[in-house]
Amino acid sequence: MNAPNSNLIRYEGLLNSEVRVQLTDLLMAIALTNLGSRGDLKKLFGVAVELLDNAQRYCSAGSVSFQWRIQGPELVIEISNLADKADAERLLSIVASIQSMSSEQIAEAFKQQLQDPAFGEKGGAGLGMLQIARKVGNRITANVRPEPDGVYRCTSQVTTLLRS
Amino acid sequence: MHTLHLPATRTTPEVHFEPAAGHCSITGVSIPEHAQEFYQPIIQWLDIFLSVNRGPLTLRIALTYFNSSSLKALYILLGRVREAQVMGTPVRIIWVVEEDDEFMLESSSYFAELLGVKMDIEMSGDEGSGERRAV
């Protein structure tokens, strides 16, 4: 049983292919022992994987910060990485757009993006944030802060109610 | 045509396409960093297979989890199968879903509806193996 507020995982460091694999293995193990039903587990593991994929794809340099924490009845998943200006602006734009959408509009945007066969130049499908919003709702925030050397610290946070 | 076999890794599923039998299976977890790179050769193999084969095709998908870029790649792959079905190839798609896995059940039903294909959902797992539904 978890305390009302507790950190399930906190990682700070480089995010490369091997770290990504190790983190996803660890997340699945934590979810299996802490997060109730399989439906919750898949949903929350899914959110984490999409955020990690985005951070790895758009990270321009340096380390990432990633955490899963329980706050009362909710799970908060947060990731922070450095990105160039274009990718930082793109993140803000996507999240602002999703925040303004109804669940029907999110479903329609997801469908259109899925049916577009193109992948982005960095290999993304353009579905990650929309998939998160479809699965856990649009309580997604993004924060961008300028750093030295023309890069931006991008922090994305997803909050969702745990069912069990 | 040769058999296509890709062993499972920690981020990609086992892929086994047997052209003589018309059996294709994708099994495991699918969370590659670059789904397009992983699935493109599989889709190309399927395109060649469908261009020379008019016999029955069975596609069995048994994924425990996939990321959204895999979702798009799977959508493209299933679209090819759907096109073959429209052109007259007898196609059976089986999607294996673990008991209590709402995520995968929703995904399989969503694909079936979006693509307009008939899909057999096969429930597996601890609590009720063997149940089948058609969507």
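On a predicted model such as this, the values are computed, not experimentally measured, just so you know. (Residues numbered from 1 in each chain as written. Chains lettered and ligands numbered in written order. Predicted model: local features only at pLDDT ≥ 70, side-chain atom pairs only at ≥ 80, totals over all residues. Heavy atoms only, no water.)

Draft legend 1. A look at a nonpolar patch on the surface. Residue and element names in this part refer to chain B. A surface patch of nonpolar side chains, amounting to about 310 Å² of accessible area, comprises Met 1, Ile 48 and Val 52. Summarising the element assignment, Ile 48 is placed in helix α1 (residues 35-52). Ile 48 sits in the partly exposed class, given a relative accessible area of 47%. (Patch = residues over 30% accessible without salt bridge, like charges linked within 9 Å, V, L, I, M, F, W, Y side chains within 5 Å. Areas by Shrake-Rupley, 256 points an atom, 1.4 Å probe, with all protein chains shown as cover. Salt bridge = Lys/Arg side-chain N within 4 Å of Asp/Glu carboxyl O. Helix = DSSP H or I, 4+ residues; strand = E, 2+ residues; numbered from the N terminus. Buried < 20%, exposed > 50% of the residue type's maximum accessible area, 1.4 Å probe, protein only.)

Draft legend 2. The arrangement of the state of the cysteines in detail. Under the defined criterion, the tally for this structure stands at zero disulfides over all chains. Summary of cysteine pairing: Cys59(A) is not part of a disulfide, and the nearest cysteine sulfur, belonging to Cys154(A), is at 9.1 Å. (Disulfide = S-S within 2.5 Å.)

Draft legend 3. Here's a closer look at helix α2 (residues 68-86) of chain B. All names here are of chain B. Helix length check: α2 (19 residues) gives 27 Å between terminal C-alpha atoms against 27 Å at 1.5 Å per residue, within 8%. For α2, the buried fraction is high: 14 of the 19 residues fall into the buried class. Positive backbone phi, approximately 110°, marks Gly 88, located one or two places after α2. (Expected span 1.5 Å × (residues − 1).)

Draft legend 4. Representation of the sheet that holds strand β1 (residues 4-6) of chain B. All names here are of chain B. Across the sheet, which stays open at both edges, the seven strands sit in the order β1-β2-β3-β4-β5-β6-β7 with mixed pairing between neighbours. Two strands lie at the open edges of the sheet, namely β1 and β7 (132-134), each paired on one side alone. Across the sheet, the axes of successive neighbouring strands diverge by a mean angle of 15°, strand direction being ignored. Looking at chain direction, strand β3 (residues 23-30) and strand β4 (residues 57-66) are connected through eight bridges and run parallel. Considered in β4, the bridge of Val 29 is made with Tyr 65. Contacting β3, β4 and β5 (91-98), α2 runs over the sheet at an angle of about 170° to β4. (Pairing = 2+ DSSP bridges. Axes fitted to C-alpha atoms, helices over the stretch in contact; angles between N-to-C directions. Contact = heavy atoms within 4.5 Å.)

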